[in-house]
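So the chains spell out like this:
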Amino acid sequence: MNALDVLGFGAVLAILVFVGRRGAVSADAYLVANRSIGLFPLVATLVMTEFNTSTLLAFSAAGYRAGPMAIALPFVFLVGLLFYMLTVARAWKRFDRLSVAELFTQRYDASMGKLASGLLLVAMTGFSATYVKSLSLIFAPLFPSVSAWTLSGLLTLIVLAVVVRGGLPSIVRSDMVGFGLTVLLLPALLIIGWTLMPPGALVQVFPPEQRTFNPVAQWTSAALSFRFVSTLIVLTCFTYIAAPWYGQKIFAARNERTAFLAVGISAVCIFVLYGAMVIGAALYRASAPPLDNAETVVPAMINQWLPSGLKGVGIAMLFTAALTTLAGVWSAMAAMLNADFRLASSVRGQRVTMAALAVLCWLGANLLVDDVLNRLILANIPVAALAFALLAGFHWPRATTAGA
């Protein structure tokens, strides 16, 4: 990055610090923004909560390896979030607490609530560790002499500094900044990549004969299978309904209608944004020298396709995507510790809790995460374990604690 790029990155970072500077005055404001978020801010925060660097790097790497057919991966979130909208969006807003695990306490018993909360906290620690890891992968080429421990620690500290004072309201304001950057830059990258690609290069790199369809077995290519994608769709449907980071945002919505519409709109937006990056990665492979690591394709696109000044803004966009997702998960974890275990109910206690969670996730990123996508999927398992008890708790009056 040259001086203009550093200036562009610094300008975005300054905006994030500015919007996050205002401190929350009550625990309710810190955790659920006084339950007053309107439609556009809720859409922005739901989109940016899901639009994270871990999934972005993993999906783009699939686009780099498998080509345009990898658009099936973003379809996972379109189906999964529409399922969320139809099954639990209104129900969560009617429930309207601090933690999704409180449903298990109220509907079943206290021990079931504690078990649910523990499983979700383990899962969110895993998710956060992958987000920190992917963020350090993005910035590693810019600071080749800095160790992974140090770089990830500094990035984690910056994320914490932006949001720890204001809690969820600061996170929502940061999400709105990130959403604006993302919807402007990603289409620009896609258009630039399309104009730079030689005619016919996409078909040469990803010829149709490499793909086969067997309705009994699977649709395959060298890098992606229909069986894998269809499994992810089912997994996503049965994990997002219990996702605390989404539940907390729904609790913060102004009303049920706002929550319902925001989830549906965000599902379409997330599909389009991830889809743009998958196609962009395929275009990059068709028009640029091969990469040693497919997970670095998005930073490579930004580096080679954007002019000076905008490169820094592009890297800042990726940083913002990681920041908003990380902070959202930390906030949901802090809310669960407060609601389910009666820890740190004051604003000051919530800030200390969030800082402790940041340290825990930083350690996990450096000690446990080797492959981003595989660890990201692995972290879904404790959430998926709760799915049937959750659906039954909302929609089946005869559900019992033993069944759960």
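Note that the structure is a prediction, hence the values are computed from the model and not measured. (Residues numbered from 1 in each chain as written. Predicted model: local features only at pLDDT ≥ 70, side-chain atom pairs only at ≥ 80, totals over all residues. Heavy atoms only, no water.)

**Regarding the overall build of the protein**
Filter applied, for reference: Helix numbers and strand numbers start at the N terminus; a helix is a DSSP run of H or I with at least 4 residues, a strand a run of E with at least 2. The classification of residues rests on relative accessible area computed with a 1.4 Å probe and restricted to protein chains. Under 20% of the type maximum is buried, over 50% is exposed, and intermediate values are partly exposed. The method behind every accessible area is Shrake-Rupley, applied with a 1.4 Å probe, and residues are considered shielded solely by the protein chains displayed.
Along the backbone of the protein there are 19 helices and two strands. Once the C-alpha set of the protein is aligned to its principal axes, its extents read approximately 60 × 55 × 40 Å. A total of 404 residues make up the protein; the buried ones form 56% of that total. Taken as a whole, the protein presents about 15900 Å² of accessible surface, with 67% of it coming from carbon and sulfur.

**Some thoughts on the packing of aromatic side chains**
Under the convention used in this document: Pairing of aromatic rings covers Phe, Tyr and Trp, the last through its six-membered ring, and needs centres within 6.5 Å; plane angles under 30 degrees mean stacked, over 60 mean edge-to-face, and all others mean tilted.
Evaluated as defined, the whole model comprises 23 aromatic pairs. Ring centres of F83 and F238 lie 5.7 Å apart, and the angle between their planes is 50°; this geometry places the pair in the tilted category. One end of the pair, F83, is in helix 5 (residues 72-95); the other, F238, is in helix 11 (residues 226-240), with 155 residues separating them in the sequence. For F238, a relative accessible area of 22% translates into the label partly exposed. Aromatic rings pair up to connect F51, F59, F77, Y84, F127, Y240, W245, Y246 and Y274 into one cluster.

**Observations regarding the confidence of the model for the protein**
Note the following rule: Summary of the metric used: pLDDT quantifies the predictor's per-residue confidence within the range 0 to 100. Working rule for contacts: check all heavy atoms of both residues, and any pair within 4.5 Å makes them a contact.
Residue-level pLDDT values for the protein average 89, and 96% of them are 70 or greater. The low-confidence segment residues 212-220, where pLDDT is below 50, has 17 contacts with residues more than four positions distant or belonging to other chains.

**Quick word on a nonpolar patch on the surface**
Just so we agree on the cut-off: For patch building, the residue pool is restricted to those with more than 30% relative accessible area and no salt bridge; the joining distance is 9 Å between like charges and 5 Å between nonpolar side chains (Val, Leu, Ile, Met, Phe, Trp, Tyr). Salt bridges are defined as contacts in which a side-chain nitrogen from Lys or Arg sits within 4 Å of a carboxyl oxygen from Asp or Glu.
A cluster of nonpolar side chains, W149, V359, L363, L367 and L368, forms an exposed patch at the surface whose accessible area comes to about 490 Å². Residue contributions to the nonpolar patch peak at three residues, all from helix 16 (residues 347-367). Within the fold, L368 resides in the loop between helix 16 and helix 17 (372-378). Classification of L368 by relative accessible area gives exposed; the value is 62%.

**A short note on the pattern of salt bridges**
Throughout the structure, instances matching the rule amount to six salt bridges. A salt bridge links D28 to R35; its shortest N-O distance comes to 3.8 Å. For D28, a relative accessible area of 31% corresponds to the partly exposed category. Each of the salt bridges in this network shares a partner with another, and the network as a whole consists of D28, R35, K93 and D96.

**A short note on the environment of L120**
Here L120 lies in helix 7 (residues 110-139). Between the C-alpha atoms of L120 and P141, which are 21 residues apart in sequence, the distance is 33 Å. When near neighbours in sequence (up to four residues on either side) are disregarded, L120 contacts V100, A242, P244, M336, V383 and L386.

**A look at the nonpolar core**
A general trend in soluble globular proteins is that nonpolar side chains are found buried together. Inclusion rule: Nonpolar cores are built from buried Ala, Val, Leu, Ile, Met, Phe, Trp, Tyr and Cys residues. Side-chain atoms within 4.5 Å join them into one set.
By size, the foremost hydrophobic cluster in this structure holds 153 residues, and its most contacted members are Y84, W92, F139, W245, Y246, F319 and W330. No other element matches the 20 residues that helix 15 (residues 310-341) contributes to this core. Contacts of Y246, omitting those with residues within four sequence positions, involve L46, T49, E50, L81, Y84, Y240, S266 and I270.

**Some words on the side chain of T236**
In this structure, T236 sits in helix 11. For T236, the contacting residues outside a window of four places in its chain are V76, F77 and G80.

**Overview of the side chain of D175**
Where we set the bar: Residues adjacent in sequence count toward polar contacts only when both atoms are side-chain atoms; beyond that, a polar contact is any pair of N or O atoms within 3.5 Å, and within protein one must be able to donate a hydrogen and the other to accept it.
Note that D175 resides in helix 9 (residues 168-196). A residue is classified by how much of its surface remains accessible, and D175, at 0% relative accessible area, is buried. Among the polar contacts made by the side chain of D175, one reaches the side chain of T45 at a distance of 2.3 Å. In contact with D175, not counting residues within four places along its chain, are A44, T45, M48, T49, K249 and T324.

**Considerations on the state of the cysteines**
Going by this rule: Disulfide assignment relies on a single distance test, namely cysteine sulfur atoms paired within 2.5 Å.
Under the criterion given, the structure shown has zero disulfides. The thiol sulfur of C269 is not disulfide-bonded, and the nearest other cysteine sulfur, from C237, lies at 19 Å.

**Considerations on helix 14 (residues 297-305)**
Of all the nine residues making up helix 14, seven are buried; the element is thus mostly covered by neighbouring parts of the structure. Among all positions of helix 14, only V297, V298, P299, A300, M301, I302 and W305 are buried. Buried positions along helix 14 lie against helix 4 (53-66), helix 7, helix 9, helix 13 (256-287) and helix 15.

**A short note on the packing of helix 7 against helix 16**
We count it as follows: In this analysis, axes come from line fits to C-alpha atoms, helices being fitted only over the stretch in contact, and the angle between any two N-to-C directions falls in the range 0 to 180 degrees. Note on terminology: angles under 35 degrees are roughly parallel, angles over 145 are roughly antiparallel, angles of 65 to 115 are roughly perpendicular, and the others are oblique. For any pair of crossing helices, the crossing counts as left-handed if the nearer helix is rotated counterclockwise from the farther one by less than a right angle, and right-handed if it is rotated clockwise.
One way to put it is that helix 7 packs onto helix 16 with a least axis distance of 7 Å and a crossing angle of 65°. The orientation of helix 7 with respect to helix 16, classified from their angle, is roughly perpendicular. The interaxial crossing formed by helix 7 with helix 16 has right-handed handedness. Residues T125, S128, A129, V132 and K133 of helix 7 touch helix 16, and the partners they reach there are L360, C361, W362, G364 and A365.

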